[in-house]
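This is what each chain is made of:
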Amino acid sequence: MKTKKYIITSSTLDVQNILTISVSAESRNDYISFKPGQYMMISYVRDGKVQKYHSFSVASSPTSKGITFGIKVSGNFTQGLASLPLGSTILIRGPFGSFVPKNGDNKDHIYLAAGIGITPFVSMMRYAHDTHQPYNIGLLYSIKSADTIAFFDESQQLTKANERIHALYTITSQGEPTPPNFATGRISAEHIASMLTSPVKETQFFICGPGPFIQATKKILKKMGAKNSYIHDESFVPSPWDILSQPVTLTAGAATMAASILLFATIAQGNSMAKTTASANALDSIIYTAQINESVNNTRNTVLANQYEAVQVPKTRAVQTQTQQQKIVTTPIQTPVATTPKPVVQQPVSTPKVTTPAPIVTKPVPKVTPTPPPPRTAVS
Ligand SMILES: Cc1cc2nc3c(=O)[nH]c(=O)nc-3n(C[C@H](O)[C@H](O)[C@H](O)COP(=O)(O)OP(=O)(O)OC[C@H]3O[C@@H](n4cnc5c(N)ncnc54)[C@H](O)[C@@H]3O)c2cc1C
């Protein structure tokens, strides 16, 4: 997959550590077209290294200029991203994913989001509004507290501007102040029922957030009678492949070459134009080298994965033979040379919380006018 270069045009970090970052294609060749709900893999160069690509859903509509992401800043990668100044280049691959409303299917939609899982829905709602889609949208957004709502202003503007779009926020932390028209507790069948504008069997459901949220919400929807094929989900948990792939390092040779290009061009031309071109070339060189290293890493990972399968398959067969024939099979299992196992992806164990049962919200769905979230500060 080709790496595209995008320039940061705006970047704001709010007090809840949510980074809203907008980027524009560096050139026409870098332009990426995408569908609402899809995600991209993002990276950037830090200390001469292309960082490991991380996935982020697009929060803007394909109808808007550029691409906007909503990113919860927590670890090393996202902190680095938040510290990039305006005008910096980020690397994007994509689009990926099939968490996309079907074109021409005009059934009503219910969007079920938790935490930063709101991002693909912001894209879908903006797109539906801009392109005058004929279906209703109900956004049910589960958040810890009223001040942790991401894209609050945007979703409010959309509900005000478009009578087909409704939103209900539910606060999950006990003891948190609950603004008027907000619900409380984790998403329940009552919350979902209050948002329905068509029979449950005729409604398309989209769920996005952490794994346990998706599982719990799917269970509720199935109990309510939602059609399996109408339940779509996007988990923000990285795939084993994301975890397996290693950060790519810039080889000494390429670093020297990149530095030489920059130095040569700067001395020879002695003007700012040359500096820009040279640093672009240096960046290209870093990206190119990283891609070669990455391809070597991917090949190595595929070999490791195959070797792992080779270890697993004969053992499984032996066990099956024993249980089927009720005797010990004496055929020796050939031990493959390498026995490096695939890394185990550990999911954080979530402690179940006791939540106050949510009040039943009755139709029609109220237009929410809660307290605005805290002000945002611009990143310089
Ligand atoms: C399809 C998809 C869409 C997503 N969309 C969004 C979004 O719109 N907004 C948002 O805030 N988050 C989104 N995420 C989650 C986001 O990718 C991770 O939370 C983020 O990359 C973690 O960054 P960090 O700085 O906390 O991690 P770090 O501290 O840099 O890394 C923590 C550890 O986890 C591993 N790791 C964690 N997540 C990833 C990942 N995604 N890819 C590779 N390695 C990972 C790292 O290798 C490292 O070992 C999405 C995830 C997926 C899979």
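What comes next is a walk through the structure.

Each value, and the rule that gives it
Residues numbered from 1 in each chain as written. Predicted model: local features only at pLDDT ≥ 70, side-chain atom pairs only at ≥ 80, totals over all residues. Heavy atoms only, no water. Helix = DSSP H or I, 4+ residues; strand = E, 2+ residues; numbered from the N terminus. Buried < 20%, exposed > 50% of the residue type's maximum accessible area, 1.4 Å probe, protein only. Contact = heavy atoms within 4.5 Å. Axes fitted to C-alpha atoms, helices over the stretch in contact; angles between N-to-C directions. Parallel < 35°, antiparallel > 145°, perpendicular 65-115°, else oblique. Left-handed = near helix turned anticlockwise from the far one by under 90°. Nonpolar A, V, L, I, M, F, W, Y, C, P; charged D, E, K, R; others polar. Pairing = 2+ DSSP bridges. Phe/Tyr/Trp six-rings, centres within 6.5 Å; stacked < 30°, edge-to-face > 60°. 1 Å grid on protein atoms, 1.4 Å probe; cavity = no way out; pocket = protein on both sides within 12 Å on 5 of 7 lines; lining within 4 Å. Points joined across faces, edges and corners; volume = space filled by probe spheres on them. Salt bridge = Lys/Arg side-chain N within 4 Å of Asp/Glu carboxyl O. Near = heavy atom within 4 Å. Polar contact = N/O pair within 3.5 Å; in protein donor to acceptor, adjacent residues only side chain to side chain. Core = buried A, V, L, I, M, F, W, Y, C linked by side-chain atoms within 4.5 Å.

**A closer look at the overall build of the protein chain**
On a plain count of helices and strands, the protein chain comes out with eight helices and 15 strands. Counting over 380 residues, the protein chain shows a buried share of 43%. Restricting to contacts in the protein chain with at least 6 residues of sequence separation, those with at least 24 account for 75%.

**Points about the packing of helix α2 (residues 119-130) against helix α3 (residues 152-161)**
It is the contact of α2 with α3, at a shortest axis distance of 11 Å, that shows an interaxial angle of 30 degrees. Considering the angle they form, α2 stands roughly parallel to α3. With respect to the hand of their crossing, α2 and α3 are arranged in left-handed fashion. Only Glu154, Ser155, Leu158 and Ala161 of α3 make contact with α2, whose side of the interface consists of Met125, Arg126 and His129. Considering only residue class, the contact of α2 with α3 consists of three nonpolar, two polar and two charged.

**A word on the pairing of strand β8 (residues 89-96)**
With four bridges joining them, strand β1 (residues 4-14) and β8 adopt antiparallel strand pairing. Looking at β8, one finds that lysine 5 is bridged to leucine 91. Of the pairings in the sheet, the one linking strand β3 (residues 39-43) to β8 comprises four bridges and is antiparallel in character. What sits directly across from isoleucine 42, in β8, is isoleucine 92.

**Some words on the sheet that holds strand β9 (residues 109-114)**
In a beta sheet, neighbouring strands are held together by backbone hydrogen bonds and run either parallel or antiparallel to one another. With parallel pairing, six strands are arranged side by side in an open sheet as β12-β11-β10-β9-β13-β14. Every interior strand has two partners, whereas the edge strands, β12 (183-184) and β14 (231-235), have only one. In this sheet, strand β11 (residues 165-171) lies alongside strand β10 (residues 137-143) in parallel orientation, the contact comprising seven bridges. Note that in β11 the partner of leucine 140 across the bridge is leucine 168.

**Quick look at the packing of aromatic side chains**
Given two aromatic rings, one states the distance between the centres and the angle between the planes to describe the pair. For the structure on display, the rule yields ten aromatic pairs. Centroid distance phenylalanine 56 to phenylalanine 77: 6.2 Å. Interplanar angle 15 degrees. Geometry classified as stacked. Taken together, the residues phenylalanine 56 in strand β6 (residues 54-57) and phenylalanine 77 in helix α1 (residues 76-82) connect sequence positions 21 residues apart. Taken together, the aromatic side chains of Phe99, Tyr111, Phe121 and Phe206 make up a single cluster linked through ring pairs.

**Some words on the layout of surface pockets**
The calculated volume of the second largest pocket comes to roughly 200 Å³. Looking at the second largest pocket, the residues that line it are Lys2, Thr3, Lys4, Lys5, Ser27, Asn29, Asp30, Asp284, Ile287, Tyr288 and Gln291. Only β1 and α8 (272-325) provide two or more residues apiece to the lining of the second largest pocket. With four residues, the single largest contributor to the lining of the second largest pocket is α8. Split into classes, the residues belonging to the lining of the second largest pocket amount to two nonpolar, four polar and five charged.

**Some thoughts on the pattern of salt bridges**
Tallied over the full model, the rule gives four salt bridges. A salt bridge links lysine 107 to aspartate 105; the shortest N-O distance between them is 3.6 Å. Residue class for lysine 107 comes out partly exposed when judged on its relative accessible area of 24%. Notably, a salt bridge pairs lysine 218 with aspartate 233, separated by 2.9 Å at the nearest N-O pair. One end of the pair, lysine 218, is in helix α5 (residues 211-224); the other, aspartate 233, is in strand β14, with 15 residues separating them in the sequence. A relative accessible area of 31% places aspartate 233 in the partly exposed class.

**Overview of the site of the ligand**
The environment of the ligand is formed by 23 residues, the closest being Lys52, His54, Ser55, Lys72 and Thr78. Take serine 57: an N or O atom from its main chain is 3.1 Å from a nitrogen atom of the ligand. The contact in question runs from an oxygen atom of the ligand to an N or O atom on the side chain of threonine 119, over 2.8 Å. Elements with a contribution of two residues or more to the shell around the ligand: β6, β7 (67-72), α1 and α6 (240-244). The biggest single contributor to the shell around the ligand is β6, with four residues. Here the shell around the ligand is composed, by residue class, of ten nonpolar, ten polar and three charged.

**Topic: the nonpolar core**
The tendency in soluble globular proteins is for nonpolar side chains to be buried side by side. Ranked by size, the top nonpolar core spans 30 residues in total, and within it Tyr111, Ile118, Phe121, Leu139, Tyr141, Tyr169 and Phe182 carry the most contacts. Breaking this core down by element, the ones donating at least two residues are β9, α2, β10, α3, β11 and β13 (204-209). Ranked by residues supplied to this core, first place goes to α2 with five residues. Counting residues in each nonpolar core, the second largest holds 23 residues, with Leu13, Ile42, Leu84 and Ile92 among its members.

**Considerations on unusual backbone geometry**
Residue proline 95 is reached from glycine 94 by a cis peptide bond, and omega for that bond is 0 degrees. Note that proline 95 resides in strand β8. Not every positive phi belongs to a glycine, and aspartate 47 is a case in point at roughly 50 degrees. The topology assignment puts aspartate 47 in the loop between β4 (45-46) and β5 (49-50). Phi is positive for histidine 132, which is not a glycine, with a value near 55 degrees. Positionally, histidine 132 belongs in the loop between α2 and β10. With relative accessibility at 69%, the residue histidine 132 sits in the exposed group.

These results come straight from atomic positions and should not be treated as a statement about function.
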